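Residues per chain, in single letters:
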Amino acid sequence: MDCSLVRTLVRRYCAGEENWVDNRTIYVGHKEPPPGAEAYILQKYPDNRIVSSKYTFWNFIPKNLFEQFRRIANFYFLIIFLVQLIIDTPTSPVTSGLPLFFVITVTAVKQGYEDWLRHKADNAMNQCPVHFIQHGKLVRKQSRKLRVGDIVMVKEDDTFPCDLIFLSSSRGDGTCHVTTASLDGESSHKTHYAVQDTKGFHTEEDIDRLHATIECEQPQPDLYKFVGRIKVYHEQNDSVVRPLGSENLLLRGATLKNTEKIFGVAIYTGMETKMALNYQSTSQKRSAVEKSMNAFLIVYLCILISKALINTVLKYVWQSEPFRDEPWYNQKTESERQRNLFLRAFTDFLAFMVLFNYIIPVSMYVTVELQKFLGSYFITWDEEMFDEESGEGPVVNTSDLNEELGQVEYVFTDKTGTLTENNMEFKECCIEGQVYVPHAICNGQVLPEASGIDMIDSSPGVSGREREELFFRAICLCHTIQVKDDDDVDGPRKSPDSAKSCVYISSSPDEVALVEGVQRLGFTYLRLKDNYMEILNRDTVERFELLEILSFDSVRRRMSVIVKSATGEIYLFCKGADSSVFPRVIEGKVDQIRDRVEHNAVEGLRTLCVAYKRLVQEEYEAICTLLQAAKLALQDREKKLAEAYEQIEKDLILLGATAVEDRLQEKAADTIEALQKAGIKVWVLTGDKMETAAATCYACKLFRRNTQLLELTTKKLEEQSLHDVLFELSKTVLRCHGSLTRDNFSGLSTDMHDYGLIIDGAALSLIMKPQEDGSSSNYRELFLEICRNCSAVLCCRMAPLQKAQIVKLIKLSKEHPITLAIGDGANDVSMILEAHVGIGVIGKEGRQAARNSDYAIPKFKHLKKMLLVHGHFYYIRISELVQYFFYKNVCFIFPQFLYQFFCGFSQQTLYDTAYLTLYNISFTSLPILLYSLMEQHVGAEALKREPSLYRDVAKNALLRWRVFIYWTLLGVFDALVFFFGAYFMFENTTVTSNGQVFGNWTFGTLVFTVMMFTVTLKLALDTHYWTWINHFVLWGSLLFYVVFSLLWGGIVWPFLNYQRMYYVFIQMLSSGPAWLAIVLLITVSLLPDVLKKVLCRQLWPSATERVQNMCVWRQDHLPELTPLPLCRAQPLGHWPGSHSNLVTLTCWESRECSVPPPWLLSPMPSPSQPGTQLPWPEGAGRWTLTSSSL
């Protein structure tokens, strides 16, 4: 035996196949290759079971517990619980164990139920019937029993049970149509092609005789990439090798359409299918709020340790006197006296840690998770963000970043399909310098007023006629369009007129617009059948054999086809961006066409250049050899194909150029303007040429007429070095500013000179490229400084990877701004994944962006409400939730700390065990949860009308250390009032009718009652948006506390071995001084916060508070004064000192009042003449004062 084969076997079975090779071999129908062909090595692959569930019956408990205790807060409380079990602590283990058990149980039940649903879905999928070929007959079995190598038959409208190589179909041309809506959301039909040597096998007996071997790459999740080859053995043991690509691969989850049946061989099954590999979420992003929560938690952990240390030290200082350490009524045993001092101190330290551990809010994480999960439904339920045209609504792929929508400082947006409609309209074509303008064609609709062919400039000569026809043929042949019409697909066309009923389907709207455009110029693409493309040249049908397709990609930015005419001439037609075609041209009227391309680009039109070259048979054969070698490669196939394309697509003859218009999306300009007013900087990242992108930026108001444009482009760098250009731009932008102290990353300044920067991909590569002397970082910093001082930036000629580099550059800058990327195509996925928040537009370029994003919206205009309204609300709500949780826990545990100074640091608890247990998980949890779901400090309409309000919450404003310290100090103050107020009021007072004095449990219950009412009423004071649900939950939680306390202290509970709370609460409420103390202490506790709110609102109001005041004013005055559009008048009242005239305000511009005029909030001025224009704040419309006699 050959030694190499032995080594191969050892490596395969010892190391595992996945670890030693990048390819796999599949034997079609499990047939061994012919003797002498190749070694037959049996390989093991997984079955076809899909497992999307996370747990099994046996591992659910340990695995779920392990995952939950990886959380710091849960692990911390577990340690505290174990400490309470091990040592003698002042509180029962139940006080820590029950809240922890509740949190763990709720989370486990939720995750268990979700996993049970996944199990049900998996079982339904795995038990679906599948037809496969066995010994020439059709056999039916369950999907889960399918194996790699099985030959499967799939019927029309069925989904593919695994990833299949397409062998043959019922269609004569060996094609089939599929939809991949369940994979990438694209509902259009895609054409797939059977293997050339197997497409003639139409019956089960034919397919069973197939003898072939497939080599392909190992499973990987890219839906649009596949590399393989098939070796088909004939009867004489001759073999033919054919390349396999994504056009031969039928993916699991896709659906067969318009094809009776197909045969395919299984190559990836079960969890190795591309659909299963895409199950895993790629988003591992954390919000700024979550980072703040963790920082605050560490601070409170330090406070907890400090409290425990202070009490431990003071305890031993207190016990340094013998009569305090061993009072006559509590003598120590001998063993206690001999116990090690350090061990005793450490035990006491742990006991104090247990006593004060409630300062860490265990239920906060569960509440935050619930708030995020439930709050995300407000986006999906928003009817204003539903697009009637497409029938699509917003999609939330992750709820972990809701509040991050309210913190965005940079928006990076794609242009085509995001700012524009991606709905192309053919405008003109330029052939040999002659300009052709057909009717306006858009999606097959012809404008009614257009007729005939309108040709600008003079008619071309004889040679020009030949180039003209070549140009139109190139447009009709160089594409990947499918034709769908009402006739039988395989039937002949009755007449040329039937072409008018064609519907063109393509993944690229540009291609459809071009083919529809030249149709009006006399050339109609008919169909592709049996590898022949048919076009209608006015009245003559021409047939071209399709020899090769050099597919489009975003790096080459062009595509080509090689076709053979009926006369035997071979042509290569190339179509692509001007920057990728002009360098490969050796002949043609380059200057005239370049001028026209630049003219159209300035007009905002999308341009493509068209070129060709004739090939002789020898050249074509050489090209075939080159392409075949690259296509059969299993390693680096894409790289080898790119190199082959570079060699083929050269020495071209330029024919002309096309221009199509991509209209701006509805309200795109309004959305960008609102985002800029909100202090958000908007960058456009596009692959389009500079002039086209700049025109779009002007149209959508990213650039304004007074914007001074700065260029950092290849053209500029040809004249000066990168170093000189950067320093020149830096001096320009800093000349008016004087310094870089402006808060540029938040974009809050509006009084600076308006600059706009344009940079292209080549210049960015130079900036990002590391230099030998290490000066690249200096270039980056200088580039960032320039960008900081520009109001808008346009990045053109960007490759997908460069888009992600730009986002990363800004994201990792020293200010660490929050970034958002939005796009609609596969080329935007990299920047969407890179940004803090990724948003996909559900557009016409498929669903790749929407599937890989955190959120998906139907139109760019919906970004305005998502950020300015939903993002604002989410941030306000969750920031209050986090601060409130820490505040109420300070109020809860600080009196316990103070109590130790009055009980000899004996670790005596101030509160009863039931109160310790239920405070966070029951008494105070629901009100803050409802607040965090429903609070609206300002109405949604006001937030949309006043985008500047977004600045009030920018840069994590409500979770800064200053605000956090205020809430903490407020909690400390309230705790001091609770404790010392109750202490001094009842220090030497008899408070019951029989002269009894309050005991320690009554004192603790009084403090707890005051605290419960204070923290609940504090939340009520912060609530601006009241509904019946808020009232029910807020006041219901207080009622529940009172009822629970009455029951807890009014009944002898048999399961308790102590009854220390029996009758305590009832006795406290029977005392008049206790009622007085409760009311008085609650008032004193809330007073500082109320005063602070009133003073700040009156003396230093924020923009949000001014709008709140305005909303209150409008509610009070709406019955008397209603802004009405277009000269409709509303009586205001009688003029002071006059009883004969009725004063009327008339609005003569249809603009809504947003700020009250100062003269309406003050005494009415002296009478004015009718028609006088009264002072009115900017942006509130124009009003006229008139008077009329009564």
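Quick notes on the rules
Residues numbered from 1 in each chain as written. Predicted model: local features only at pLDDT ≥ 70, side-chain atom pairs only at ≥ 80, totals over all residues. Heavy atoms only, no water. Helix = DSSP H or I, 4+ residues; strand = E, 2+ residues; numbered from the N terminus. Buried < 20%, exposed > 50% of the residue type's maximum accessible area, 1.4 Å probe, protein only. Contact = heavy atoms within 4.5 Å. Areas by Shrake-Rupley, 256 points an atom, 1.4 Å probe, with all protein chains shown as cover. UniProt positions renumbered as here; feature names shortened; annotations may be inferred. Axes fitted to C-alpha atoms, helices over the stretch in contact; angles between N-to-C directions. Parallel < 35°, antiparallel > 145°, perpendicular 65-115°, else oblique. Left-handed = near helix turned anticlockwise from the far one by under 90°. Nonpolar A, V, L, I, M, F, W, Y, C, P; charged D, E, K, R; others polar. Salt bridge = Lys/Arg side-chain N within 4 Å of Asp/Glu carboxyl O. Pairing = 2+ DSSP bridges. Phe/Tyr/Trp six-rings, centres within 6.5 Å; stacked < 30°, edge-to-face > 60°. Lys NZ or Arg CZ within 6 Å of the ring centre and 35° of its normal.

(A) A look at the overall build of the chain. Regarding its fold elements, the chain presents 39 helices and 41 strands. Counting every position in the chain, which comprises 1190 residues, the buried fraction comes to 53%. In the chain, of all internal contacts separated by at least 6 residues, the share reaching a separation of at least 24 is 72%. Looking at the chain as shown, the accessible area adds up to about 53,900 Å², and 56% of this sits on carbon and sulfur atoms.

(B) Structural view of the UniProt feature "transmembrane region" (unreviewed entry) in the chain. In this numbering, the UniProt entry assigns the feature "transmembrane region" (unreviewed entry) to residues 69-87, 295-318, 349-368, 964-986, 998-1020, 1032-1056 and 1062-1087. A distance of 31 Å separates the end C-alpha atoms of residues 998-1020, which is 91% helix and 0% strand. The span residues 1062-1087 carries 85% helix and 0% strand; its end-to-end C-alpha distance comes to 34 Å.

(C) Representation of the packing of helix H9 (residues 288-318) against helix H34 (residues 961-985) in the model. Interhelical geometry of H9 versus H34 gives an angle of 45 degrees and a closest axis separation of 12 Å. With respect to their mutual orientation, H9 and H34 come out oblique. Here the hand of the crossing between H9 and H34 comes out right-handed. Of the residues in H34, those touching H9 at Ala295, Phe296, Val299 and Tyr300 are Trp961, Phe964 and Thr968. Of the residues in the contact of H9 with H34, the class split is 6 nonpolar, 1 polar and no charged.

(D) A look at the pattern of salt bridges. Using the criterion set out here, one finds 47 salt bridges in the structure. Glu215 is the partner of Arg229 in a salt bridge, and the nearest nitrogen-oxygen pair spans 3.4 Å. Note that Arg229 is positioned in strand S9 (residues 228-233) and Glu215 in strand S8 (residues 212-217), a separation of 14 residues in sequence. Judged by relative accessible area, which is 26%, Arg229 ranks as partly exposed. Judged by its relative accessible area of 28%, Glu215 falls in the partly exposed class. A salt bridge links Asp1022 to Lys1018, with the shortest nitrogen-to-oxygen separation between them at 3.3 Å. With Asp1022 and Lys1018 both in helix H35 (residues 1000-1022) and 4 residues apart, the pair spans about one turn of that helix. On the basis of relative accessible area, Asp1022 is assigned to the buried category, the value being 5%. Salt bridges sharing common partners tie together Asp382, Glu384, Lys865, Glu941 and Lys944.

(E) Representation of the sheet that holds strand S2 (residues 129-134). As summarised here, the arrangement of the 6 strands in space is S3-S2-S4-S13-S5-S11, forming an open sheet in which the pairing is antiparallel. Edge positions in the open sheet fall to strand S3 (137-142) and strand S11 (249-250), since each of these has one partner strand only. Relative to strand S13 (residues 261-268), strand S5 (residues 163-169) runs antiparallel, the two sharing 6 bridges. Within S13, the position partnered with Ser169 by the bridge is Ile262.

(F) Representation of the environment of Ile267. Note that Ile267 resides in strand S13. For Ile267, a relative accessible area of 0% puts it in the buried group. For the pair Ile267 and Tyr45, spaced 222 residues apart in sequence, the C-alpha separation works out to 9.5 Å. With sequence-adjacent residues up to four places away left out, Ile267 is seen in contact with Arg24, Ile26, Val148, Asp163, Ile165, Ile214, Phe226 and Leu249.

(G) Examining the packing of aromatic side chains more closely. Counted by the stated rule, this structure contains 61 aromatic pairs. Aromatic pair Phe296 and Trp961: ring centres 5.2 Å apart, planes at 75 degrees, arrangement edge-to-face. Taken as a pair, Phe296 in helix H9 and Trp961 in helix H34 lie far apart in primary sequence, 665 residues in all. Overall, Trp961 belongs to the partly exposed group, its relative accessible area being 45%. In this arrangement the basic side chain of Lys307 is found over the ring face of Phe356, its NZ or CZ atom lying 5.9 Å from the centre. Across the ring face of Phe378, the terminal group of Arg877 is positioned such that the distance to the ring centre comes to 5.7 Å.

(H) Structural context of the sheet that holds strand S15 (residues 410-413). The mixed open sheet is built from 9 strands, whose spatial order is S14-S37-S36-S35-S15-S31-S34-S33-S32. Every interior strand has two partners, whereas the edge strands, strand S14 (395-396) and strand S32 (708-712), have only one. Two strands pair when backbone bridges link them, and S32 and strand S33 (residues 755-760) are joined in this way by 5 bridges, in the parallel orientation. The residue bridging Leu709 from the neighbouring strand is Gly756, located in S33. Strands S15, strand S35 (819-823), strand S36 (837-841) and strand S37 (855-857) of the sheet are contacted by helix H30 (residues 862-899), whose axis makes an angle of about 135 degrees with S37.

(I) Spatial organisation of the pairing of S15. Across the two faces of S15 the burial is the same, with Tyr410 and Phe412 and Val411 and Thr413 all buried. Across 4 bridges, S15 lies against strand S31 (residues 681-685) in parallel orientation. From the neighbouring strand, Val411 faces S31, where its bridge partner is Val682. Bridging between S15 and S35 involves 4 bridges; their strand directions are parallel. By the bridge assignment, Thr413 is partnered in S35 with Ile822.

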